[in-house]
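# Topology and contacts: notes
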Amino acid sequence: MKRTLGVCYYPEHWPEEIWPQDAADMVAAGLSWVRIGEFAWSRLEPSPGDLQLDWLDRAIEVLGSAGLKVILGTPTATPPRWMADKHPDMFAVDKDGRVRGFGSRRHYCFSHPGYRKESRRITEILAKRYGANPHVAAWQTDNEYGCHDTTISYSDAARTAFQNWLAQKYQSTDALNRAWSNIFWSMEYDSFDQIGLPNLTVTEPNPSHDLAFRRFSSDQVVAFNREQAEIIKRHSDAPLIHNYMGRVLEFDHFDVGADLDIASWDSYPMGFLEDRIEADDAHKRAYAQQGDPDFQAFHHDLYRAVGRGRWWIMEQQPGPVNWAPVNPAPLPGMCRLWAWEAFAHGAETVCYFRWRQAPFAQEQMHAGLLRPDRAPAPALGEAAQVASEIVDAPKVGTAKADVALIFDYASAWAWDVQPQGTGFDYFKLVFETYRGLRKLGLDIDILPPDASDLSAYKLVLAPGLLSLSDPLKAALSRFDGIALIGPRANSKTRELTIPTPLPPNLPGLAATVTHVETFRADMERPLVGGGHIRHWFEHVETDAPVQEGLETGEPVLIGKGRVRYLAGWLDEVALARVLAELCAEAGIQTLKLEGDLRIRRTETHLFVFNYGREAASFEGKTVQPAGVYWDAL
Ligand code: GAL
């Protein structure tokens, strides 16, 4: 598959006279794709029903005839000001009951029926007009669902929609009362319209209620996206894409992705390091100009799964951003490295954000490929270098990994609702596991929680998985590799209650979690083999062999067969040892990588990336800081 590059462009921000030169310069830099339109609603429809699409016709024509393929975005992330007069109650409401009003973006509630109709209407207008346009080669629905914490809304519209969703799901309030055990604290309901949203309660709401609301909120995003997808599909054969984000978990991306053709995500490695990763100052200092060495790869693998193999970077950081606590410039070479890392993980296309830095408004301090005065910014040269390299680069296909890691959005919601102690964060648990695997030089596939075929893998891990789905249980019973389940896995029903038999209740493993403890951040329990348990520990009764235990004698890693259980949150030292031992048993070769090197194999090649500030060597070859090289396997 031929790899391509692209860029995000806002023709409505610039005088029309410069569009042709911009287009020619994009082509000269080796870019093939240009994404436009996703925030342009106020220019497409300046007042209700007054459609002004001629400028967009011309923009598409200018870009397309220069040789670029257009990704056209639906503009629903930025409803214009008149929309607020038309639908004064369309805004999302935060947990404290405050309206999230006009003046930036994403100011809509997914449940508002009037806004949903507007979203369908503008989508239909664009899809009809451009569905057969030969230059429009892909579509983007909306922009970054969930960005700025916008998935969950406590509006009146959300309450009504939630009540309808519950009525459909439970059919009767008796069934709902039973499922949630509302006898507790006399919370029983006798009609669906009595059921409120789980905010503004005196103390915590029933976790079953809260989790149901999280499932509902995710379903609202899925429904919103599906409406746009169905409309566009009626008018266009071009692939449908949405641009997801890093560490946004409030909606189930697998569910949204099922209605789209390609997954994409917006990768801002340095912004994320500062803004979205728990790490000590030494880590943040070490990677301040490179980004965390595993965070991008994790999302590449996650979105490869969400896109059922097809995925892109829709926005790639080009230089300092404006939104993290501090915003340094990337080390020279990183804008090239990030693109190659994405390709090595199977990305079809990498689009940089944005073409030219805007001299105005909220993002005026955010770099582009060009400066505001149209001169090249540093990333342009690196993009052009990647563009020339992909011409001769190997046609890399995505290799199947030996190791699979299960990722489940509902588990993130459940543990968010009921962390049982600060420090238990689902993403953090899964990401630490991923990092541990990657440091051993492994390639990893991420799988959804209903994965039904594990036969390609030698090692499968399911940290923190709320409950095992039926397909996964069936797949595990047929699996002949090693499955490491836990901690906190299969420990709740889908309604967030404790099941009996008690957890972990895994096939072929006699073990019972009798009780659970969580610890302060400064308290840890040492393991016999070295390292510690942090945050979370389960006391387990078992007759099964124990592979790792606490110094106090309690079991930690239980079982020697196909299915094993991990009864606590391992620190880095213990995790590295356990993973290396399991890989050795499963017949997977691991590596000791020097410095901050990371690797990724494709079907035919091995790619090496240096996230460090020092040169490091791999199999006798020196890799410079921010350097990347590849070799045939
Ligand atoms: C993304 C967003 C873009 C732009 C960018 C800045 O989250 O999709 O529109 O705001 O961040 O880094």
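Up top is the structure.
As a starting point, this report considers the structure included with it. (Residues numbered from 1 in each chain as written. Predicted model: local features only at pLDDT ≥ 70, side-chain atom pairs only at ≥ 80, totals over all residues. Heavy atoms only, no water.)

### As for the overall build of the protein chain
Which entries qualify depends on this criterion: Segments assigned H or I by DSSP are reported as helices when at least four residues long, segments assigned E as strands when at least two residues long, and all are numbered from the N terminus. Radius of gyration here is computed from C-alpha atoms only, and the compact-globule reference equals 2.2 Å multiplied by the residue count raised to the power 0.38. Each residue's exposure class comes from its accessible area (1.4 Å probe, protein chains only) as a fraction of the maximum for that residue type: buried when under 20%, exposed when over 50%, partly exposed otherwise. Note on contacts: a residue pair qualifies if any of its non-hydrogen atoms lie within 4.5 Å across the two residues. Computed with a 1.4 Å probe, the accessible areas rest on the Shrake-Rupley method; for each residue, only the protein chains presented here act as cover.
A tally of regular secondary structure across the protein chain gives 18 helices and 25 strands. Against the compact-globule benchmark of 26 Å for 633 residues, the protein chain has a radius of gyration of 25 Å, which places it among compact chains. When the backbone C-alpha atoms are referred to their principal axes, the protein chain occupies close to 75 × 70 × 40 Å. Burial status across the protein chain gives 61% buried among its 633 residues. Restricting to contacts in the protein chain with at least 6 residues of sequence separation, those with at least 24 account for 71%. In the structure as shown, the protein chain presents an accessible area of about 24,100 Å², 51% of it carried by carbon and sulfur atoms.

### Observations concerning the pattern of salt bridges
This is how the line gets drawn: Just to be clear on terms, a salt bridge is a Lys or Arg side-chain nitrogen sitting within 4 Å of an Asp or Glu carboxyl oxygen.
Across all of its chains, the model carries 45 salt bridges by this definition. Between R310 and E348 there is a salt bridge, and its shortest N-O distance comes to 2.8 Å. On the criterion of sequence distance, the pair formed by R310 in the loop between α12 (295-306) and β7 (311-316) and E348 in the loop between α13 (334-344) and β8 (349-352) is long-range, its members being 38 residues apart. On the basis of relative accessible area, R310 is assigned to the partly exposed category, the value being 35%.

### Observations concerning the sheet that holds β7
Neighbouring strands of a sheet are bound in pairs by backbone hydrogen bonds; such pairs are parallel or else antiparallel. Operational definition: Two strands qualify as a pair provided DSSP detects at least 2 bridges between them. The axes are straight lines fitted to the C-alpha atoms, using for helices just the contacting stretch, and the angles between their N-to-C directions are given from 0 to 180°.
Spatial ordering of the closed barrel is given by β1-β2-β3-β4-β5-β6-β7-β8, a layout of 8 strands whose pairing is parallel. Ignoring which end each strand starts from, the neighbouring axes of this sheet average 25° apart. Here strand β4 (residues 136-140) runs beside strand β5 (residues 240-244); their pairing, made up of 2 bridges, is parallel. Following the sheet pairing, Q140 is matched in β5 by I241. Sitting on the sheet, helix α14 (residues 378-392) is in contact with β1 (4-8) and β8, with an inclination near 155° to β1.

### Quick notes on the environment of Y154
When you line up the elements, Y154 lands in the loop between β4 and α6 (156-170). Assessed through its relative accessible area of 13%, Y154 is described here as buried. Between the C-alpha atoms of Y154 and I406, which are 252 residues apart in sequence, the distance is 30 Å. Contact partners of Y154, with chain neighbours within four places excluded, come to V93, D94, K95, L197, P198, N199 and F213.

### Concerning the site of the ligand
Under the convention used in this document: To be near a molecule or strand, a residue needs just one of its heavy atoms within 4 Å of it. Between N or O atoms, a polar contact is any pair within 3.5 Å; within protein, one atom must be a potential hydrogen donor and the other a potential acceptor, and residues adjacent in sequence are included only when both atoms are from side chains. Charged means Asp, Glu, Lys or Arg here, nonpolar means Ala, Val, Leu, Ile, Met, Phe, Trp, Tyr, Cys or Pro, and polar covers whatever is left, Gly included.
Neighbouring the ligand are the residues F39, R105, N143, E144, D266, Y268, E315, W323, F353, E363 and H366. Side-chain polar atom of E144 to an oxygen atom of the ligand: 2.4 Å apart, as the coordinates give it. Here an oxygen atom of the ligand sits 3.5 Å away from a polar atom, N or O, in the side chain of Y268. Here the ligand, which alone exposes 310 Å², has 96% of that area covered by the protein. Grouping the amino acids of the shell around the ligand by side-chain chemistry returns 4 nonpolar, 2 polar and 5 charged.

### Topic: helix α5 (residues 113-130)
Going by this rule: Expected helix span is computed as 1.5 Å times (number of residues minus one).
Here α5 is 18 residues long and its end C-alpha atoms lie 26 Å apart, about the 26 Å a rise of 1.5 Å per residue gives. When α5 is considered as a whole, its buried residues turn out to be G114, Y115, R116, E118, S119, I122, T123, I125, L126, A127 and Y130. Buried residues belonging to α5 abut α2 (41-44), α3 (54-65), β3 (69-73), α4 (81-86), β4 and α8 (207-235).

### Concerning the pairing of β3
The buried fraction of β3 amounts to 4 of the 5 residues, a majority that puts the element mostly inside the structure. As paired strands, strand β2 (residues 33-36) and β3 are joined by 4 bridges and run parallel to one another. Paired with R35 across the two strands is I71, which belongs to β3. Bridge analysis of β3 against β4 gives 4 bridges, and the strand direction is parallel. Of the residues in β4, the one forming a bridge with V70 is V136.

### Here we look at the environment of P503
Relative to the helices and strands, P503 is located in the loop between β12 (482-485) and β13 (504-506). Residue class for P503 comes out buried when judged on its relative accessible area of 8%.

### Describing the packing of aromatic side chains
Our working rule: Put simply, two rings from Phe, Tyr or Trp (the six-membered ring, in Trp's case) pair if the centres are within 6.5 Å, and we call them stacked under 30 degrees between planes, edge-to-face over 60, tilted for the rest. Any Lys NZ or Arg CZ that is within 6 Å of a ring centre and within 35 degrees of that ring's normal is treated as a charge sitting over the ring.
Applying the stated criterion to the full structure yields 49 aromatic pairs. Aromatic side chains F295 and F431 sit 5.8 Å apart centroid to centroid with 80° between the ring planes, which places their arrangement in the edge-to-face category. Of this pair, F295 sits in helix α12 while F431 sits in helix α16 (residues 426-439); the two residues are 136 residues apart in sequence, bridging distant segments of the chain. F431 carries the same exposure label as F295, and that label is buried. The ring centre of W415 lies 3.7 Å from the NZ or CZ of R488, which sits over that ring. If you follow R488 out to its NZ or CZ, it ends over the ring of F424, 4.8 Å from the centre.

### A word on the nonpolar core
Basically, it comes down to this: The set of buried Ala, Val, Leu, Ile, Met, Phe, Trp, Tyr and Cys residues whose side-chain atoms join them within 4.5 Å is what this entry labels a nonpolar core.
Within the largest apolar cluster, 154 residues are counted, with the highest numbers of intra-cluster contacts made by W139 and F407. For this core, the element with the most residues is α13, which contributes 9 residues. The residues touching W139, leaving out its near neighbours within four places in the chain, are I71, L72, L126, A127, Y130, G131, I232, S236, A238, P239, L240 and I241. Counting 27 residues, the second largest nonpolar core, distinct from the first, contains L454, Y457, L468 and A511.

### Let's talk about the packing of α16 against helix α18 (residues 572-586)
Applicable threshold: An angle below 35 degrees is treated as roughly parallel, one above 145 as roughly antiparallel, one from 65 to 115 as roughly perpendicular, and anything else as oblique. When the near helix sits turned anticlockwise from the far one by under a right angle, the crossing is termed left-handed; a clockwise turn instead gives a right-handed crossing.
Across the interface, α16 lies against α18 with an axial gap of 10 Å and an inter-helix angle of 55°. What the angle tells us is that α16 and α18 run oblique. In terms of crossing hand, the pair formed by α16 and α18 is right-handed. Judged by residue contacts, E432, T433, G436, L437 and K439 of α16 engage E572, L575 and L579 from α18. A per-class count over the contact of α16 with α18 returns 3 nonpolar, 2 polar and 3 charged.

### Re unusual backbone geometry
Following F353, the chain continues into R354 via a peptide bond in cis, with omega recorded as 0°. Locating R354 in the fold gives a position in the loop between β8 and α14. Of note, the amide linkage connecting T500 to P501 takes the cis form, showing an omega dihedral of -5°. When you line up the elements, P501 lands in the loop between β12 and β13. Even without a glycine there, the phi angle at E144 is positive, about 45°. Looking at the secondary structure, you find E144 in the loop between β4 and α6.

### Quick notes on the packing of α6 against helix α7 (residues 173-180)
At a minimum axis distance of 8 Å, the contact between α6 and α7 shows a crossing angle of 90°. As summarised for this structure, α6 and α7 are arranged roughly perpendicular, according to the angle between their axes. Facing α6, whose interface residues are F162, L166 and Y170, α7 presents A175, L176, A179 and W180. Looking at the contact of α6 with α7, its residues break down into 7 nonpolar, no polar and no charged.

So far we have only geometry, and geometry alone does not tell us how the molecule works.
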